[in-house]
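Structural features, examined
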Amino acid sequence: MTGIWPCPLDGHEYWFGSDRGRMARLLILPPLFAEANRCRSLLTAMIRQLDDCGIDAFLPDFPGWNESLAPLQKQDLQNWRDAAQAATDHWQITHFLALRGGAELCPPALPGFTVSPLSGKKQLRSMIRAQTILEREAGRHRRSEELLQMGLQDGLTLAGFQIGPAMLRDLLEADAAAHSSAEELTIDALQLSPPWLRAEPGHDPAQAEEMARAICARLGRKLIFNTIEV
Amino acid sequence: MATRATCAKSDTILRQILRDILALDEDRVAAFTSDTGLFGHLPELDSMAVASLLTEIEDRFDIMIEDDEVDGDMLETYGALLAFVEARRTAS
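These numbers come from a predicted model, not from an experiment. (Residues numbered from 1 in each chain as written. Chains lettered and ligands numbered in written order. Predicted model: local features only at pLDDT ≥ 70, side-chain atom pairs only at ≥ 80, totals over all residues. Heavy atoms only, no water.)

Overview of the overall build of chain A
When helices and strands are tallied, chain A shows six helices and nine strands. Within the span of chain A, comprising 230 residues, buried residues form 55% of the whole. Accessible area for chain A stands at about 10,400 Å²; split by element, carbon and sulfur atoms hold 50% of it. Distance from the positive charge centre (23 side chains) to the negative charge centre (29 side chains) of chain A: 4 Å. (Helix = DSSP H or I, 4+ residues; strand = E, 2+ residues; numbered from the N terminus. Buried < 20%, exposed > 50% of the residue type's maximum accessible area, 1.4 Å probe, protein only. Areas by Shrake-Rupley, 256 points an atom, 1.4 Å probe, with all protein chains shown as cover. Lys, Arg positive; Asp, Glu negative; His and termini not counted. Charge placed at Lys NZ, Arg CZ, Asp CG, Glu CD.)

Section: the pattern of salt bridges
When their charged atoms lie close together, side chains carrying opposite charge are able to pair. For the coordinates displayed, the defined rule picks out 24 salt bridges over all chains. Note that Glu 58 of chain B is salt-bridged to Arg 125 of chain A, the shortest N-O span being 2.6 Å. Highlighted residues: Glu 58 of chain B in helix H3 (residues 47-61) and Arg 125 of chain A in helix H3 (residues 120-137), drawn from two different chains. Across the salt bridge formed by Arg 213 of chain A and Glu 210 of chain A, the nearest N and O atoms sit 3.2 Å from each other. You can see Arg 213 of chain A and its partner Glu 210 of chain A sitting in helix H6 (residues 205-229), three residues apart, about one turn around the helix. Arg 213 of chain A gets classed as partly exposed once you look at its relative accessible area, which sits at 46%. Taken together, the shared-partner salt bridges in this structure form one network comprising Asp 19, Arg 20, Arg 22, Arg 25, Asp 51 and Asp 56 of chain A. (Salt bridge = Lys/Arg side-chain N within 4 Å of Asp/Glu carboxyl O.)

Examining H3 of chain A
In this model H3 of chain A runs 26 Å from its N-terminal to its C-terminal C-alpha over 18 residues, within 8% of the 26 Å that 1.5 Å per residue would give. Structurally, H3 of chain A contributes buried residues whose contacts are with helix H4 (144-154), strand S7 (156-158), strand S8 (161-163) and helix H5 (165-173) of chain A together with H3 of chain B. Immediately beyond the C-terminal end of H3 of chain A, within one or two residues, lies Gly 139 of chain A, with a positive phi of roughly 85°. (Expected span 1.5 Å × (residues − 1). Contact = heavy atoms within 4.5 Å.)

Quick word on the environment of Ser 47 of chain B
With respect to the helices and strands, Ser 47 of chain B occurs in helix H3. Note on Ser 47 of chain B: relative accessible area 7%, which makes it buried. Among residues more than four places away in sequence, those in contact with Ser 47 of chain B are Ile 133, Leu 134 and Glu 137 of chain A.

What about the pairing of strand S3 (residues 25-29) of chain A?
Residues and elements named next belong to chain A. Counting buried positions over the five residues of S3 gives five, a clear majority of the element. Here three bridges tie S3 to strand S4 (residues 56-60), and the two strands are oriented parallel to one another. Looking across to S4, one finds that Arg 25 is bridged to Asp 56. Once you follow S3 into helix H1 (residues 34-52) and on to S4, the crossover reads as right-handed. Note: S3 against strand S5 (residues 95-99), four bridges, orientation parallel. Counterpart to Leu 29 in the pairing with S5 is Ala 98. (Pairing = 2+ DSSP bridges. Right-handed = clockwise from strand over helix to strand, strands pointing away.)

Description of the domain arrangement of chain A
Residue and element names in this part refer to chain A. When the domains of chain A are assigned, the result is domain 1 (2-119 + 176-229) and domain 2 (120-175). Computed from C-alpha coordinates alone, the two centres of domain 1 and domain 2 are separated by 26 Å. Contact residues are listed per partner, giving 18 residues for domain 1 and 15 residues for domain 2. Taken over both partners, the interface formed by domain 1 and domain 2 buries close to 1,400 Å², and the fraction arising from carbon and sulfur atoms is 65%. Taken together, the links from domain 1 to domain 2 amount to zero salt bridges. (Domains from an automatic or database assignment. Buried area = accessible area lost by both parts, 1.4 Å probe.)

What follows is the structure in structure tokens.
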């Protein structure tokens with residue numbers, strides 16, 4: 001269930017998922033930065049459940065993510081959007097599932113689902129706020145605006161993530177988390193206790209199963225509908 | 001002026017947020033009183049969790065919280081945090 005995929009920006013990246021040449025092929029765009037770590041366990045468990053439901057699902061690393069050797073501070077949102085499109089083409093993806101900040105990366109022509117989409121702007125606000133609190137604890141009083149201006153010049157380390165000026169600019173302007181043709185799955189509908197909010201990552205097989213079931217039901221309907229239309 | 005119904009709703013939402021962020025069980029959060037200590041009392045509520053908490057409060061209550069408003073008093077107890085949220089909701 002793992003392998004290397006030819007990410008166009010740096011040659012190769014790791015991916016996790018199941019590829020059995022099936023009709024439904026789901027690209028998973030996880031939350032960004034710290035929220036990604038909190039959701040990885042849920043997403044990998046969900047992929048195994050989707051596999052059992054007959055859905056191929058792909059959770060690729062993009063440059064600067066997870067096992068990637070590419071430096072995060074050199075990345076910007078456009079790099080990741082290009083990677084999302086390349087992954088879509090590479091695996092002949094039929095739908096995406098984007099969680100939180102991952103919604104900023106959805107390939108525009110692809111149908112799919114979002115879960116609690118978070119705009120880049122809000123994501124950045126939260127990360128800078130966390131940094132101001134950490135700075136205050138270290139005896140340095142820096143306002144969010146001051147940190148942002150410093151970052152736009154030289155980059156910033158936010159919660160351990162090295163974010164370059166280009167990424168900061170992109171996040172500041174990214175306010176289009178809502179994907180026009182995406183169906184938003186609410187946390188209530190998924191009966192999900194939001195894992196991206198958890199202070200510590202957890203493992204919850206029941207939630208993974210619930211998410212997989214919800215996606216199977218919707219993808220099944222969509223595929224039947226598309227077949228009838230054709 | 002905030003009505004009793006609005007206050008009750010804020011209380012429910014705020015408890016839900018704390019439950020989601022701190023991964024506390026429902027009974028524990030339901031037992032919070034105005035005097036229940038938060039920052040410095042709950043080991044789960046570290047600096048990163050505070051940032052998530054404030055952002056989630058902004059989102060679910062549709063308010064903005066400025067840097068200057070974040071201090072120890074506001075996060076000292078559950079009652080203080082609820083009073084802050086109520087005051088901001090009334091003002092907006």
